[in-house]
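Listed below, chain by chain, are the residues.
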Amino acid sequence: MSQLTVSEMDLTSSSESVQHRQQWLVEQVLDWSGLPVVQIRPTVFLENPLFRVGFSSIARNGSIRLPFGRARTSPVAAGDVAAVVEEILADPAPHIGRIHELTGPRSEDIAAMAAEVSAALGRPVGYTDVPLREWIDDELRPLGLPDHVFQHTATMARLHAENRYDRKAEGVEQVTGRPPSGVADYVRKNPSLFTR
């Protein structure tokens with residue numbers, strides 16, 4: 001498993017995180033190896049610290065706080081990625097040599113995502129665009145994440161602001177036969193994350 005953004009990388013790419021770079025290198029090694037490989041490329045997970053931090057402000061002040069501006073994103077639920085992997089492991093032959101790109105059901109900006117969250121919670125939820133450096137210092141750093149995870153998450157926030165996560169792929173439905181879960185589904189499954 002890699003990440004969808006590695007499809008934009010090459011040997012000289014330098015704006016991605018150390019984790020992105022490692023994922024890209026692993027994909028190259030596996031391609032060169034001649035082994036029967038299936039590549040899974042999810043976009044950012046809904047459960048990623050990036051969204052956990054952004055969503056945590058909903059309970060405090062009714063707003064998603066992220067440094068994305070008007071950029072669009074298509075986060076995927078970890079459960080959907082697991083369902084895809086389960087299907088592939090149950091019958092790998094049709095998937096060998098393929099790349100499955102996995103996203104949520106739509107690519108949308110955070111204002112549209114806030115509207116989805118609002119509808120699922122039955123109360124107003126807005127979006128507060130926070131400057132990237134302020135968000136990193138005030139929201140992400142206090143989590144005390146290991147350096148590698150911190151650098152990767154901070155880089156993903158920057159790449160989001162650069163609109164690098166504006167993707168919509170059909171991989172979840174192609175493999176599982178059902179559409180991917182959306183933000184509203186995530187809210188309904190995790191109500192404690194959105195209340196005080």
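The preceding data block contains the structure.
Keep in mind the model is a prediction, meaning the values are calculated, not measured.

S.K.: Sorry, what's going on with helix α2 (residues 49-61) here?
M.R.: One turn of an α-helix holds 3.6 residues; hence residues three or four places apart share an orientation. End to end, α2 covers 19 Å across 13 residues, agreeing with the expected 18 Å (1.5 Å per residue, within 8%). For α2, the complete set of buried residues consists of Leu50, Phe51, Val53, Gly54, Phe55, Ser57, Ile58 and Ala59. In the core, the buried residues of α2 are packed alongside β2 (63-66), β3 (72-73), α4 (110-121), α5 (132-140), α6 (147-161) and α8 (183-189). Near the N-terminus of α2, the side chain that reaches the backbone nitrogen of leucine 50, with its oxygen 2.7 Å away, is that of asparagine 48. Of the residues trailing α2, glycine 62 is marked for its positive phi of about 70 degrees.

S.K.: Would you mind showing me how to read the packing of α2 against α4 here?
M.R.: For any two helices packed against each other, the geometry comes down to the angle between their axes and how far apart the axes lie. Contact geometry for α2 and α4: axes closest at 12 Å, N-to-C directions at 55 degrees. Between α2 and α4, the angle is such that the two are oblique. Handedness of the crossing formed by α2 with α4: right-handed. Here α2 contributes Phe51, Phe55 and Ile58 to the contact with α4, which in turn contributes Ile110, Met113, Val117 and Leu121.

S.K.: Before we go on, may I ask you to explain the side chain of aspartate 109 in this structure?
M.R.: Take aspartate 109: it is sitting in strand β5 (residues 108-109). At 3.3 Å, the side chain of aspartate 109 forms a polar contact with the backbone nitrogen of alanine 111. Residues within four places of aspartate 109 in sequence aside, it is in contact with Arg70, Ala71 and Arg72.

S.K.: I'm lost on the pattern of salt bridges in this one. Help?
M.R.: Side chains that differ in sign of charge can pair as their charged atoms come close. In the structure shown here, the tally under the stated rule is 14 salt bridges. The salt bridge involving arginine 41 is made with glutamate 27; its shortest N-O contact spans 2.5 Å. Of this pair, arginine 41 sits in strand β1 (residues 39-42) while glutamate 27 is found in helix α1 (residues 18-33), placing the two residues 14 residues apart along the sequence. Taking the shortest distance from any N to any O, the salt bridge between aspartate 137 and arginine 133 comes out at 3.3 Å. Pair noted here: aspartate 137 and arginine 133 are both in helix α5, with a separation of four residues, about one helical turn. Given a relative accessible area of 32%, aspartate 137 falls into the partly exposed group. One connected set of salt bridges, linked through shared partners, spans Arg60, Arg65, Glu134 and Glu139.

S.K.: What am I meant to see in a nonpolar patch on the surface here?
M.R.: Taken together, the side chains of Val26, Leu30 and Leu35 define a hydrophobic patch exposed on the protein surface, amounting to about 250 Å² of accessible area. By secondary structure assignment, the location of leucine 35 is in the loop between α1 and β1.

S.K.: Could you clarify how one ought to interpret the nonpolar core in this entry?
M.R.: Across soluble globular proteins, nonpolar side chains show a tendency to be buried alongside one another. Among the nonpolar cores identified, the biggest contains 30 residues, and Leu50, Phe51, Phe55, Ile64, Val117 and Trp135 are the most heavily contacted of them. Mapped by element, the contributors of at least two residues to this core are α2, β2, α4, α5, α6 and α8. Aside from chain neighbours lying at most four places away, what touches leucine 50 is Val44, Leu66, Phe68, Trp135, Thr153, Met156, Ala157 and His160. Membership of the second largest hydrophobic core comes to eight residues, among which are Val76, Val84, Leu102 and Val172.

Procedures and definitions
Residues numbered from 1 in each chain as written. Predicted model: local features only at pLDDT ≥ 70, side-chain atom pairs only at ≥ 80, totals over all residues. Heavy atoms only, no water. Helix = DSSP H or I, 4+ residues; strand = E, 2+ residues; numbered from the N terminus. Expected span 1.5 Å × (residues − 1). Buried < 20%, exposed > 50% of the residue type's maximum accessible area, 1.4 Å probe, protein only. Contact = heavy atoms within 4.5 Å. Polar contact = N/O pair within 3.5 Å; in protein donor to acceptor, adjacent residues only side chain to side chain. Axes fitted to C-alpha atoms, helices over the stretch in contact; angles between N-to-C directions. Parallel < 35°, antiparallel > 145°, perpendicular 65-115°, else oblique. Left-handed = near helix turned anticlockwise from the far one by under 90°. Salt bridge = Lys/Arg side-chain N within 4 Å of Asp/Glu carboxyl O. Patch = residues over 30% accessible without salt bridge, like charges linked within 9 Å, V, L, I, M, F, W, Y side chains within 5 Å. Areas by Shrake-Rupley, 256 points an atom, 1.4 Å probe, with all protein chains shown as cover. Core = buried A, V, L, I, M, F, W, Y, C linked by side-chain atoms within 4.5 Å.

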